[in-house]
Amino acid sequence: MKVLDTPTEAEISTSDFEEGVQNIRQFGYTVHRNFLSSDLREALWDRLDEQARMERHHGLAELSEEGHAGNDAFIGAADEARPPAYQKVSFLPNKGRVFRDLMLHPVALTYCERMFEGQPFVLSSQTGMILRTGGARQVLHVDQQPVPFRTPFPILINVMSCLSDYEPDMGSTRIIPGSHNLSSPDFTKPYDTLVDSSGGELHAVRAEAGSAVIWESRTWHSQWFSQSQAQRRSIATVYCVHFYRPQDNYPALVHDEVYPKLTDDEKRMMGFDAYGSAYGRFEPRSRYDPRGNVNFHRRFTPEMHRGA
Ligand SMILES: [Fe+2]
């Protein structure tokens, strides 16, 4: 199957939501300009920078010399004078209100409503990414790779908020336009073979700081080699339809000191809603456990015996 020709920068880049939706339908992705206000971008940058720095300092940083694709990923400390090419900061909703504000960004949610065709959705993961020079190329893949069949609409939407510019030499994502109409690639095959088999060509995404690069989960893509001295900083906020298992299990992992601060809207987005009061139910883990569904309430009910 022949996929589409590569769109021009002017075609793929828009600040108009309807045009963005049309881009995703046609090409599998869009660049939404002015997605972040300058205040929000600055707040996200500062919080991510401080968190990343402290995780490096305390030996808790998720690092790789190769980049997001690295098979050498490890958790540890880093020499500030020469940090590894890649640092990932996971589970961001635990690490600052500003990340939870981003999670509920109305434009992101509107894209999800449209692309998921009205199906309820939740947060799958939210991850900060800092990429320096030396990052390697990632395998060509789709984000719904574990799903063993084609789906009539995407299962996940990735909203990549660009805190820095997102340039080809900074390892920006390469995408094959129109590849969301194909079956998922067998990423164990050689990279170039897969590109040839797609019938399309790789497009190096370019976006200004403050934009969001948004792609749906059937679109073939990969992070590219990073050669620039400039750091690429971005936050991937990934949403999935409610019937697909999220990457990160928020009802289990949200920190005890964060849970009381969550609004009901944040809880719903993080999977505390029980759909139809039937799916995703849970009950308190002890008599004193404050956690529960926002719409399904049970008291702690342990194994009980007569006379006990
Ligand atoms: Fe991906």
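Just above sits the structure.
Within every chain, residues take consecutive numbers counted from 1 along the sequence as written. This being a predicted model, a pLDDT of at least 70 is required before a residue's local features are given, and a value of 80 or more before pairs of side-chain atoms are given or counted; all residues contribute to the totals for chains, interfaces and linings. Hydrogens are left out, water is left out, and the side-chain values use all remaining heavy atoms of the structure.

J.: Go over the overall build of the protein, please, and point to the residues and values.
T.: Where helices and strands are cited, they refer to DSSP runs of H or I of at least four residues and of E of at least two residues respectively, numbered from the N terminus. When its secondary structure is counted, the protein shows eight helices and twelve strands. Here the C-alpha radius of gyration of the protein, 20 Å, is about what a compact globule of 308 residues would show, namely 19 Å. Structurally, the protein occupies a C-alpha span of about 70 × 50 × 40 Å along its principal axes. Residues classed as buried in the protein amount to 52% of the 308 residues present. Contacts were defined at the residue level, with two residues in contact if any of their heavy atoms lie within 4.5 Å. In the protein, 77% of the contacts between residues at least 6 apart in sequence involve partners at least 24 apart. Shrake-Rupley sampling with a 1.4 Å probe provides the accessible areas, and residues are treated as covered by the protein chains on show and by no other component. Of the roughly 14900 Å² of accessible surface on the protein, a fraction of 50% belongs to carbon and sulfur atoms. Our radius of gyration is a C-alpha quantity, and the globule rule it is checked against amounts to 2.2 Å times the number of residues to the power 0.38. Burial classes: relative accessible area under 20% of the type maximum marks a residue as buried, over 50% as exposed, and values in between as partly exposed (1.4 Å probe, protein chains only).

J.: How would you sum up the pairing of strand 5 (residues 86-89)? Please name residues and give values.
T.: Criterion used throughout: strands pair if DSSP finds at least two bridges between them. Relative to strand 5, strand 3 (residues 61-64) runs antiparallel, the two being bridged by three bridges. Paired with E62 across the strands is K88, a residue of strand 5.

J.: Would you mind going over the packing of aromatic side chains in detail, with residue names and values included?
T.: For Phe, Tyr and Trp, rings pair up if their centres lie within 6.5 Å, where Trp contributes its six-membered ring, and each pair is then called stacked (planes under 30 degrees apart), edge-to-face (over 60) or tilted (otherwise). Counted according to the given criterion, the structure contains seven aromatic pairs. Taken together, a centroid distance of 5.7 Å and an interplanar angle of 45° make the contact between F116 and F121 tilted. Among the residues examined, F116 registers a relative accessible area of 0% and is labelled buried. In this structure F121 comes out as buried when scored by relative accessible area, which is 11%. Between Y259 and F272, the ring centres sit 5.5 Å apart and the planes meet at 55°, which makes this aromatic pair tilted. Here Y259 is found in the loop between helix 7 (250-253) and helix 8 (264-269), whereas its partner F272 is found in the segment after helix 8, with 13 residues between them in sequence. Both residues of the pair, Y259 and F272, belong to the buried class. Put simply, the rings of F116, F121 and Y239 pair up and form one aromatic cluster. As a reminder, the over-ring test applies to NZ of lysine and CZ of arginine, requiring each to be within 6 Å of the ring centre and within 35 degrees of the ring normal. Cation over ring: R137 sits above Y191, and NZ or CZ is 3.8 Å from the ring centre. Of note, R233 hangs over the ring of W45, and the distance from its end group to the ring centre comes to 4.4 Å.

J.: So what about the coordination of the iron ion? Which residues, and what values?
T.: Under ideal tetrahedral coordination, the four donors around a metal are separated by 109.5 degrees; under ideal octahedral coordination, the six donors are separated by 90 or 180 degrees. Listed donors are limited to N, O and S atoms within 2.8 Å of the metal, widened to 3.2 Å for Na, K and Ca; water is not among them, so incomplete-looking sites are possible. Donor atoms from the polypeptide that bind the iron ion are H141 (NE2), D143 (OD) and H221 (NE2), placed at 2.1 to 2.2 Å. Positions of the donor residues of the iron ion along the chain correspond to the pattern H-x1-D-x77-H. Note that H141 is positioned in the loop between strand 6 (121-131) and strand 7 (156-162) and H221 in strand 11 (residues 221-223), a separation of 80 residues in sequence. The class for H141 is buried, based on a relative accessible area of 11%.

So, to be careful, I would describe these as geometric facts and stop short of saying anything about function.
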